[in-house]
Amino acid sequence: MNTDAEATAINQEIDLHQVDSIIEPYIGRKEMIIPVLQKLQEHFGYLPRQTMEQVSYRMHIPLSRIYGVATFYAQFKMRPRGRNIIRVCKGTACHIQGSPKIAERIEENLAIQNGETTTDLRFTLEEVACIGACALAPVIMINDNPHGRLTADKIKDILASYK
Amino acid sequence: MYEKHLMICGATGCISSGSRSVEQALVKELENHGIRDRYRLVMGGCPGFCEVGPILVIYPDEVFYCHLTPKDMVELVEKHLVGGEIVERLLYKGPDVAVPVRFYDSIPFYAKQKFNVLHNSGIIDPESIDEYIMRGGYRAFTRALTIDSLTICEEVKESGLRGRGGAGFSTGQKWEFTNKAPGPKKYVVCNADEGDPGAFMDRSILEGDPHAILEGMLICGRAIGSNEGYIYCRAEYPLAIKRLKIAISQALEYGLLGENILGYGFNFKINIKEGAGAFVCGEETALLASIEGKRGIPRPRPPFPAQSGLFGKPTTINNVETLANIPLIVREGGAAEFAQIGTAGSKGTKVFALAGKIRNTGLCEVPMGITFREIIYDVGGGIKGGREFKAVQAGGPSGGCIPTELLDLPIDYDSLNKAGAIMGSGGLVVMDESTCMVDLARYFLSFTQKESCGKCTPCREGTMRMLEILNRITGGFGNPEDLDTLDSLAHSIKDSSLCGLGQTCPNPVLSTIRYFRHEYEEHIEEKYCRAGVCKALFSYKIDQERCTGCRACVKACPVDAITGEKKEPHEIDQGRCTHCGSCIEKCRQDCILITRVGREADVSN
Amino acid sequence: MNKFIDQCCDKCTHTRSTPCKDFIRCCVEGPVCHEDLVCSAKRKAIIEKVALNENFVIC
């Protein structure tokens, strides 16, 4: 994992008032911890440690439990992510039509592995179970744009179109 | 009144093929002609035929246009909408029809289908409650309000409906258990956490007909005596969640949700919970834990959720497709009608997602009891590129593969179980000779291994050990005793895991060993992967006779391993080749062969 | 009247707080509680606007 992204994580100022206003409607409803974390991640792009500490403090839930929940679900990220999120579909249809080759080519091009972010925060690479566009297999999503019926040699040009 | 209705498929599959830009181009073109307000344009649910998307269906003309691009809209508006002439170029054509055909009824993909659950999909605007009501919506619920709760359970039992989420338990019985469980507070939960890779039927139902799910939940609430429901939906389905939210707010506005519904004194509210990305949450007790704000870890049953479920209260959990069947069953005479379709043990229809190496990728709804052959060759149009069928994987990571010799197996819960697969949620992934069955088993196991919640040892450790063995075999280091070890591990995991994920995750390995043992043996003993998938177990070789020297592969090779002059046969430098397969994709002569490592070509691909 | 939930005339009492048991049938066949050609024309108009005639059934 790259150090630049971690440094950003530590240096980023977290506005605790923002955090409080997100938590506020859920105080006293401990079963709503997942929606709270989802809202926080939507706002900050990931879950900075301070936000989880604040949830613990305001909702009276042990930090260990919050961390337990946050690490259990694939959706929650503990580190800042890139400006462009590449999701490589690893569904069955994509797998048998060559998604491993696509993933490999992206990893080679960006010099990162699945789950990592480039040092310039331009791309984050994630593998996802199935995005349900099986007719277009193999397919990747970059942000909200699907790129389907891919072959490895198309990767370079596609990546170049995202800044 | 509108002159014509223009239905563009607005489901995820077609959106991925560009249906949004087609719609924008269509609107622009209509505006250019100043005729926008004469047409009703609906970005609706899915007609199922994803392969030929984006799709536009025009009523009442009954014309089915496919493979559309934004550029086609100029001609389409001018010729068809203004000129009244069908644009033949954009009609469906394929090897299975002699001439381009204009409507569903003459497209082979639709010939064997029967639309029950999907009867509104692609027809109504999913964001309009009025259209749902016009098509008979909420009538079954109104009827349910006037009859006794146990009578509803009885009718659902009579219909023979079994859970569409995988295990196939009788839905009516499940409802009756919850109905009879003591306590004033009960819950209805809709499991919309469709996690099987390669399955997308629940999403299509949610996106195309969200009110049907609400009506199913309302009827269930009435039948079990519950006043609150949860829909647990994958966060990866933003469009489905959006449409559910719209449907809920409309139902509230119309007084079909809330307090004293339609004056019958029945109250019901529905909450949406977004999943956060954990496959195991499709398991019912894990799903309940997740709604309660905990890690999604299953717990032992009994007690079953019908006794002690969400927040410790009696709970009925039904899958999306199950609930979508409910309004059809509970309407007047619906149960008997439903029971007429299907086989003795499996009633009604089933929605399948067809994907993989099949010509017609998409969604189809067929009566239970149809054979795999009919689905793959009649509905699915056979194998892509004229290759040979090898197997079809039914039921995703919990299911198994069905080989050629079982193609005539009728699709119902019991026949599938006997064959070592399961109905699962209904994903069918078709494979041809270029799929390696050992790699497929490894793929599914790596999926379940990652998704194992880690609570119980057999699943957490066992899947890891099995995966290690499969990695070894596909890496060229398999031992003859590996197959026995895999078999014994698989059975231990099946027998001793706590939840459905663990109990079923060895199925892909067991069924591939059962039907494709020779492929495992070839990997282990001959160190050869004939499908050309396991990189350590084959070499590429250029057929010197057939190579025309076009240099397409030379340009495609990312590591410059292919050399050769123009119009001279090319050569692959085995030392440099990384087996990435880029050359095969580009070769127009099919002259790149898969051969045993270090030997001459003896098997062509 | 643009939507089924809109009241056809003062005689219709269906709202969230004063619901009508026949609401769903009324939408499509109504009005049920009183006879009025104007009211039934209003309801029909909603249906006809997006009329899903018999040809709309696929398969």
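Scroll up to find the structure this text is about.
Residues numbered from 1 in each chain as written. Chains lettered and ligands numbered in written order. Predicted model: local features only at pLDDT ≥ 70, side-chain atom pairs only at ≥ 80, totals over all residues. Heavy atoms only, no water.

J.: How do you make sense of helix α2 (residues 37-49) of chain C when you look at a structure like this?
T.: Along an α-helix, residues three or four apart share an orientation, since each turn contains 3.6 residues. Helix length check: α2(C) (13 residues) gives 18 Å between terminal C-alpha atoms against 18 Å at 1.5 Å per residue, within 8%. For α2(C), the full list of buried residues reads C39(C), S40(C), R43(C) and I46(C). Looking down the long axis of α2(C), one finds its buried residues gathered within 115° of arc, a one-sided arrangement. Those residues of α2(C) that are exposed and aimed more than 90 degrees away from the buried face are L37(C), V38(C) and K44(C). Where the residues of α2(C) are buried, they touch α5 (129-134) of chain B together with α1 (23-29) of chain C. Its side-chain oxygen at 2.8 Å from the backbone nitrogen of V38(C), D36(C) defines the N-terminal cap of α2(C). (Helix = DSSP H or I, 4+ residues; strand = E, 2+ residues; numbered from the N terminus. Expected span 1.5 Å × (residues − 1). Buried < 20%, exposed > 50% of the residue type's maximum accessible area, 1.4 Å probe, protein only. Arc of directions from axis to C-beta. Contact = heavy atoms within 4.5 Å. Polar contact = N/O pair within 3.5 Å; in protein donor to acceptor, adjacent residues only side chain to side chain.)

J.: I'm lost on a positive patch on the surface in this one. Help?
T.: Residues and elements named next belong to chain B. On the surface, a cluster of positive charge is contributed by K555, K566, K567 and R588. Looking at where K566 falls in the secondary structure, it is placed in the loop between β16 (562-563) and β17 (571-572). Residue K566 is classed as exposed on the basis of its relative accessible area of 58%. (Patch = residues over 30% accessible without salt bridge, like charges linked within 9 Å, V, L, I, M, F, W, Y side chains within 5 Å. Areas by Shrake-Rupley, 256 points an atom, 1.4 Å probe, with all protein chains shown as cover. Salt bridge = Lys/Arg side-chain N within 4 Å of Asp/Glu carboxyl O. Lys, Arg positive; Asp, Glu negative; His and termini not counted. Charge placed at Lys NZ, Arg CZ, Asp CG, Glu CD.)

J.: Could you clarify how one ought to interpret the interface of chain C and chain B in this entry?
T.: You'll often see interface size given as the accessible area lost when the parts meet. Tallying the contact residues gives 28 residues for chain C and 36 residues for chain B. Summed over both partners, the interface of chain C with chain B comes to about 2900 Å²; 67% of that surface belongs to carbon and sulfur atoms. Here K3(C) and E253(B) are joined by a salt bridge, their closest N and O atoms 2.8 Å apart. Our enumeration of links across chain C and chain B arrives at 6 residue pairs in polar contact (both at pLDDT 80 or more). Elements with a contribution of two residues or more to the side of chain C that touches chain B: α1 and α2 of chain C. Here the side of chain C that touches chain B takes 6 residues from α1(C), the largest share from any one element. Residues that form the side of chain C that touches chain B fall into these classes: 17 nonpolar, 4 polar and 7 charged. (Buried area = accessible area lost by both parts, 1.4 Å probe. Nonpolar A, V, L, I, M, F, W, Y, C, P; charged D, E, K, R; others polar.)

J.: When you look at helix α4 (residues 49-59) of chain A in this model, what are you seeing that I'm missing?
T.: Along α4(A), the residues classified as buried are T51(A), M52(A), Q54(A), V55(A), S56(A) and M59(A). Phi for H60(A), located one or two positions after α4(A), is positive at around 55°.

J.: Would you mind showing me how to read the sheet that holds strand β4 (residues 145-147) of chain A here?
T.: Residue and element names in this part refer to chain A. Taken in spatial order, the 4 strands of this open sheet run β2-β1-β3-β4, and their pairing is mixed. In this open sheet, the two strands that pair with only one neighbour each are β2 (123-128) and β4. For this sheet the average axis-to-axis angle between neighbouring strands, irrespective of direction, equals 25°. One ladder, built from 3 bridges, connects strand β1 (residues 84-89) with strand β3 (residues 140-142); its direction is antiparallel. (Pairing = 2+ DSSP bridges. Axes fitted to C-alpha atoms, helices over the stretch in contact; angles between N-to-C directions.)

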